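Below are the chains, spelled out letter by letter.
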Amino acid sequence: MFSTLTKLIALGSVAGVWSHAVMKEPVPRQAGPVHEELCGATVAKVLARDLTGPIENAMDAADGEYNCDAYFCRGYQYEDNIDNVKAVKAGDVLDFKIDMVASHRPGYANVSIVDIATNEIIEPLRTWDEYPGYNIGPDRDDIKFNITMPDTLGATCDAPGKCVLQWYWYVPRSSQTYESCLDLYVEA
Ligand SMILES: *[C@@H]1O[C@H](CO)[C@@H](O)[C@H](O)[C@H]1NC(C)=O
Ligand SMILES: *[C@@H]1O[C@H](CO)[C@@H](O)[C@H](O)[C@H]1NC(C)=O
């Protein structure tokens, strides 16, 4: 409680109207050497400085070494996360927790399965037209929710390194994008 409050105060003074959030569960893709190599040390440093910060902060710092797509999973790479790939089956229910440190409305969010090679949406799983939602009670389902794995991913996501589940939140007023990815594959 105290540390969250301290963090909020610190963010407020440094960051003005920024929102802040990151997926906590399941544990999302992390940074690593391949990420730093592709995105450049400067961008990697800004992303690492605040795991809950908007991608745009890193883009403001992009230099000649920037050679990744930070708008796909913050530029975090599968190669740095091969030990954190979730095996799923159709019908599995995954529980999610979002750490929302600060938020501003309006915004909208979605969760979808995305093709790693093409960055195309394979399967939309959940959409929030308003994010965060207005229910802040214990049954709120914006930062605490579950998602049932569809039966349509089989062939496309049949091995690690092909698909991610992407949590995406956009705040238009301040043009801020928040993303977290989970590598997954459908086990036979
Ligand atoms: C999620 O939101 C992003 C940004 O607006 C959009 O590009 C994407 O199509 C959305 N995904 C789905 C499945 O609606
Ligand atoms: C998933 O979330 C819904 C809505 O909050 C809830 O009713 C349901 O019990 C949850 N399912 C599981 C398996 O946790």
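Named according to an unreviewed UniProt entry, the protein is Chitin-binding type-4 domain-containing protein originating from Monosporascus ibericus. Entered under Sequence similarities (unreviewed entry) in the UniProt record, the comment concerning the protein runs "Belongs to the polysaccharide monooxygenase AA13 family."

Asker: Looking at this model, I keep getting lost on the pattern of salt bridges. Mind explaining?
Answerer: Here the idea is simple: oppositely charged side chains can pair when their charged atoms come close. Scanning the entire structure with this criterion turns up six salt bridges. With its nearest N and O atoms 2.6 Å apart, the salt bridge here joins Lys-162 to Asp-158. For Asp-158, a relative accessible area of 42% gives the class partly exposed.

Asker: Help me understand the sheet that holds strand 3 (residues 93-102) in this model?
Answerer: Either a parallel or an antiparallel arrangement is found when strands of a sheet pair, and the pairing is made through backbone hydrogen bonds. With antiparallel pairing, three strands are arranged side by side in an open sheet as 1-3-6. In this open sheet, the two edge strands, each paired with only one partner strand, are strand 1 (20-25) and strand 6 (144-148). The mean inter-strand angle of the sheet, taken between neighbouring strand axes irrespective of direction, is 30°. By the bridge criterion, five bridges tie strand 3 to strand 6 in an arrangement that is antiparallel. Bridge pairing in strand 6 links Phe-96 to Phe-145.

Asker: Help me out: how do you make sense of the side chain of His-20 in this one?
Answerer: Considering the arrangement of structural elements, one finds His-20 in strand 1. Relative accessible area serves as the criterion here: at 1%, His-20 is assigned to the buried category. Engagement of the side chain of His-20 in a polar contact is seen with the side chain of Asp-50, the distance being 2.9 Å.

Asker: In this structure, what is going on with the side chain of Thr-52? I would like to understand it.
Answerer: For Thr-52, the position within the fold is in the loop between helix 3 (41-49) and helix 4 (55-60). Residue classification places Thr-52 among the buried positions, given a relative accessible area of 5%. Here Asp-50 takes part through its side chain, which lies 2.7 Å from a polar atom of the side chain of Thr-52. Once you skip the residues sitting within four places of it in the chain, Thr-52 turns out to touch Ser-19, His-20, Ala-21, Val-22, Val-101 and Tyr-178.

Asker: Please explain the UniProt feature "domain: Chitin-binding type-4" (unreviewed entry) in the protein as it appears in this structure.
Answerer: The residues that UniProt annotates with the feature "domain: Chitin-binding type-4" (unreviewed entry) are residues 71-184. For residues 71-184, helix accounts for 0% and strand for 46%, while the C-alpha atoms at its two ends are 19 Å apart.

Asker: Hey, could you run me through the nonpolar core in this one?
Answerer: Nonpolar side chains in soluble globular proteins tend to be buried together. Within the largest apolar cluster, 27 residues are counted, with the highest numbers of intra-cluster contacts made by Ile-98, Tyr-131, Phe-145, Leu-165, Trp-167 and Trp-169. If you list the elements that add at least two residues to this core, you get strand 1, strand 3, strand 4 (108-115), strand 6, strand 7 (163-171) and strand 8 (176-186). The dominant element in this core, judged by the number of residues it contributes, is strand 7, at five residues. Beyond its immediate chain neighbours, meaning those up to four positions away, Ile-98 contacts Ala-21, Val-22, Met-23, Lys-24, Tyr-131, Asp-142, Ile-143, Phe-145 and Trp-167. In this structure, Val-46, Leu-47, Ala-58 and Cys-68 belong to the second largest nonpolar core, which totals seven residues.

Asker: So what exactly am I meant to see when it comes to the environment of Asp-60 here?
Answerer: Inspection of the secondary structure puts Asp-60 in helix 4. Since its relative accessible area comes to 69%, Asp-60 is described here as exposed. Residues Asp-60 and Pro-172, 112 residues apart in the sequence, show an inter-C-alpha distance of 17 Å.

Asker: Is there a simple way to explain the pairing of strand 4 in this structure?
Answerer: One face of the sheet, then the other: side chains in a regular strand alternate in exactly this way. Buried residues dominate strand 4, accounting for six of its eight residues. As paired strands, strand 4 and strand 5 (residues 121-128) are joined by six bridges and run antiparallel to one another. Residue pairing for strand 5: Ile-113 is matched across the bridge by Glu-123. Counting the residues between successive antiparallel strands, the hairpin from strand 4 to strand 5 contains five residues, one of them, Asn-119, with a positive phi of roughly 60°.

Asker: Sorry, what's going on with helix 3 here?
Answerer: At 3.6 residues per turn, the α-helix brings residues three or four places apart onto the same side. Among the residues making up helix 3, those that are buried are Val-43, Ala-44, Val-46 and Leu-47. The arc enclosing the buried residues of helix 3, seen along the axis, measures out at 165°, which places them on a common side. Facing away from the buried side of helix 3, by more than 90 degrees, are the exposed residues Lys-45, Ala-48 and Arg-49. Its buried side turned inward, helix 3 meets helix 2 (33-39) and helix 4.

Rules and cut-offs
- Positions within a chain are numbered from 1, following the residues in the order the chain's sequence is written.
- Each chain is given a letter, starting from A, and each ligand a number, starting from 1, according to the order in which they appear as written.
- Confidence filtering applies because this is a predicted model: local features only for residues at pLDDT of at least 70, side-chain atom pairs given and counted only at 80 or more, and all residues used for totals across whole chains, interfaces and linings.
- Side-chain measures were taken over the full set of non-hydrogen atoms in the model, leaving aside hydrogen atoms and water.
- UniProt positions are given in the numbering used here, feature names are shortened, and annotations may be inferred rather than shown by experiment.
- A side-chain nitrogen of Lys or Arg and a carboxyl oxygen of Asp or Glu constitute a salt bridge if their distance falls within 4 Å.
- Each residue gets one of three labels from its accessible area relative to the maximum for its type: buried under 20%, exposed over 50%, partly exposed in between, using a 1.4 Å probe on protein chains only.
- Here, a strand pair is defined by DSSP locating no fewer than two bridges between the strands.
- Secondary structure elements are defined from DSSP: runs of H or I of at least 4 residues count as helices, runs of E of at least 2 residues count as strands, and each element is numbered from the N terminus.
- For helices, the fitted line uses only the C-alpha atoms of the stretch in contact; every axis is such a line through C-alpha atoms, and the angle between N-to-C directions lies from 0 to 180 degrees.
- Throughout this description, a polar contact denotes any pair of N or O atoms lying within 3.5 Å of each other; where both atoms belong to protein, one of them has to be capable of donating a hydrogen while the other can accept it, and for residues adjacent in sequence the pair is counted only when both atoms sit in side chains.
- Note on contacts: a residue pair is in contact if any heavy atoms of the two residues lie within 4.5 Å.
- Each nonpolar core is a collection of buried residues, namely Ala, Val, Leu, Ile, Met, Phe, Trp, Tyr and Cys, held together in the definition by side-chain atoms within 4.5 Å.
- The directions considered for the arc run from the helix axis to the C-beta atoms.

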